[in-house]
Amino acid sequence: DAKTTQPTSMDCAEGRAANLPCNHSTISGNEYVYWYRQIHSQGPQYIIHGLKNNETNEMASLIITEDRKSSTLILPHATLRDTAVYYCIVSASSNDYKLSFGAGTTVTVRA
Amino acid sequence: DTAVSQTPKYLVTQMGNDKSIKCEQNLGHDTMYWYKQDSKKFLKIMFSYNNKELIINETVPNRFSPKSPDKAHLNLHINSLELGDSAVYFCASSQVFSSGSNEQFFGPGTRLTVL
């Protein structure tokens, strides 16, 4: 069962930053926050993950609140190819190895 | 080079048949997974193998039998296929670190249609 809450959908203008929120108020101390996305008809793609600190890579930035009960994925300059379903997942491999996918946020980037 | 590959990409078969889906990863990972994505688009874990040993077996009918001949391969065999087995099946792999981080890499999926 998914332990996260995300908006069902959101639109974003091409070239603008897309900020995707996620609530995970019951997160445990050893659980990471992962973000994946699934572009239509493709396999899910790993984006980024974090435990406590904010993280940045070539795809996105992850901002985790100090109490770790919520996070925001930031796509700095959205392109049409970023249109996808974005999944926020909390998971600790010390408990199990699985990722529990929820419904995610359908992000549509518009020209 | 494809990191996680699956064959076939599409599989159309009749009810009652037995079929297999193959998965291979060239990332040197020690853990592999099978996920099922149904028509409502929810992705659910089915199985996970770590170093050829089964570590996750969700409530999947025993008509589904995973087999891991080595760390780089995890195949899924399905007996007596039913209409409800129609779905997209994704294979994934990861290297679980002592820190607990578990970044999974997914294959392109196999779309199974049971008629």
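Residues numbered from 1 in each chain as written. Chains lettered and ligands numbered in written order. Predicted model: local features only at pLDDT ≥ 70, side-chain atom pairs only at ≥ 80, totals over all residues. Heavy atoms only, no water.

Enquirer: Just to check I follow, could you spell out the pattern of salt bridges for this structure?
Expert: Side-chain pairs of opposite charge can arise where the charged atoms are in close proximity. Residue and element names in this part refer to chain A. Summed over all chains, the structure comprises five salt bridges over all chains. In this structure, the salt-bridge partner of Asp 11 is Arg 110, at a minimum N-O distance of 2.8 Å. Of this pair, Asp 11 sits in strand β1 (residues 9-13) while Arg 110 sits in strand β9 (residues 105-110), placing them 99 residues apart in sequence. For Asp 11, a relative accessible area of 48% corresponds to the partly exposed category. A residue is classified by how much of its surface remains accessible, and Arg 110, at 46% relative accessible area, is partly exposed. (Salt bridge = Lys/Arg side-chain N within 4 Å of Asp/Glu carboxyl O. Helix = DSSP H or I, 4+ residues; strand = E, 2+ residues; numbered from the N terminus. Buried < 20%, exposed > 50% of the residue type's maximum accessible area, 1.4 Å probe, protein only.)

Enquirer: Would you explain the interface of chain A and chain B in this entry?
Expert: Bring the parts together and some accessible area is lost; that lost area is often taken as the interface size. On the side of chain B, 24 residues touch chain A, which itself brings 18 residues to the contact. Among the residues of chain A in contact with chain B, Tyr97(A), Lys98(A) and Phe101(A) are the three that bury the most area, contributing 34% of the side total. Counting across the chain A and chain B interface gives zero salt bridges. Taken together, the connections running from chain A to chain B amount to three residue pairs in polar contact (both at pLDDT 80 or more). (Contact = heavy atoms within 4.5 Å. Buried area = accessible area lost by both parts, 1.4 Å probe. Polar contact = N/O pair within 3.5 Å; in protein donor to acceptor, adjacent residues only side chain to side chain.)

Enquirer: Help me understand the sheet that holds β1(A) in this model?
Expert: Adjacent strands of a sheet pair through backbone hydrogen bonds, lying either parallel or antiparallel. Residues and elements named next belong to chain A. If you walk across this open sheet you meet the five strands as β1-β9-β8-β3-β4, and the pairing is mixed. What marks the edges here is a single partner per strand, and that holds for β1 and β4 (45-50). Sheet twist, expressed as the average angle between the axes of neighbouring strands with direction ignored, equals 25 degrees. Two elements, strand β8 (residues 84-91) and β9, share three bridges in a ladder whose sense is antiparallel. Paired with Val 85 across the bridge in β9 is Thr 106. (Pairing = 2+ DSSP bridges. Axes fitted to C-alpha atoms, helices over the stretch in contact; angles between N-to-C directions.)

Enquirer: Looking at this structure, I do not really get the state of the cysteines. What am I missing?
Expert: Think of a disulfide as a covalent bridge from one cysteine sulfur atom to another cysteine sulfur atom. Residue and element names in this part refer to chain B. Going through the model one piece at a time under the given rule, you end up with two disulfides over all chains. Each disulfide pairs two cysteine sulfurs, and for Cys 23 the partner residue is Cys 91, the sulfurs being separated by 1.8 Å. Every disulfide takes its handedness from the sign of the S-S torsion; for Cys 23 and Cys 91 that torsion is -80 degrees, giving left-handed. With Cys 23 in strand β3 (residues 19-25) and Cys 91 in strand β9 (residues 87-94), this pair connects stretches of sequence that are 68 residues apart. You can call Cys 91 buried: its relative accessible area is 0%. (Disulfide = S-S within 2.5 Å.)

Enquirer: Sorry, what's going on with the sheet that holds strand β6 (residues 61-64) of chain A here?
Expert: All names here are of chain A. Ordered in space as β2-β7-β6-β5, the four strands form an open sheet in which the pairing is antiparallel. The outermost strands of the open sheet, each flanked by one partner alone, are β2 (18-23) and β5 (55-56). Relative to β6, β5 is paired through two bridges, and the arrangement is antiparallel. Of the residues in β6, the one forming a bridge with Thr 56 is Ser 61.

Enquirer: Help me out: how do you make sense of unusual backbone geometry in this one?
Expert: Note on backbone geometry: most residues besides glycine have negative phi, and most peptide bonds are trans. Thr7(B) connects to Pro8(B) through a cis peptide bond whose omega is -5 degrees. Position of Pro8(B) relative to the elements: it lies in the loop between β1 (4-7) and β2 (10-13). Positive phi, normally seen in glycine, also occurs at Arg68(A), with a value near 65 degrees. Checked against the element boundaries, Arg68(A) lands in the loop between β6 and β7 (70-75). In this structure, Lys41(B) is a non-glycine residue whose phi angle is positive, near 75 degrees. Tracing the backbone shows Lys41(B) in the loop between β4 (31-37) and β5 (43-50). Since its relative accessible area comes to 49%, Lys41(B) is described here as partly exposed.

Enquirer: What's the story with the side chain of Asp85(B) in this structure? I'm lost.
Expert: Residues and elements named next belong to chain B. Structurally, Asp 85 is set in the loop between β8 (73-78) and β9. What makes Asp 85 buried here is its relative accessible area of 4%. If near-sequence neighbours (up to four positions away) are discounted, Asp 85 is found in contact with Lys 36, Arg 63, Phe 64, Ile 78, Ser 80, Leu 112 and Val 114.

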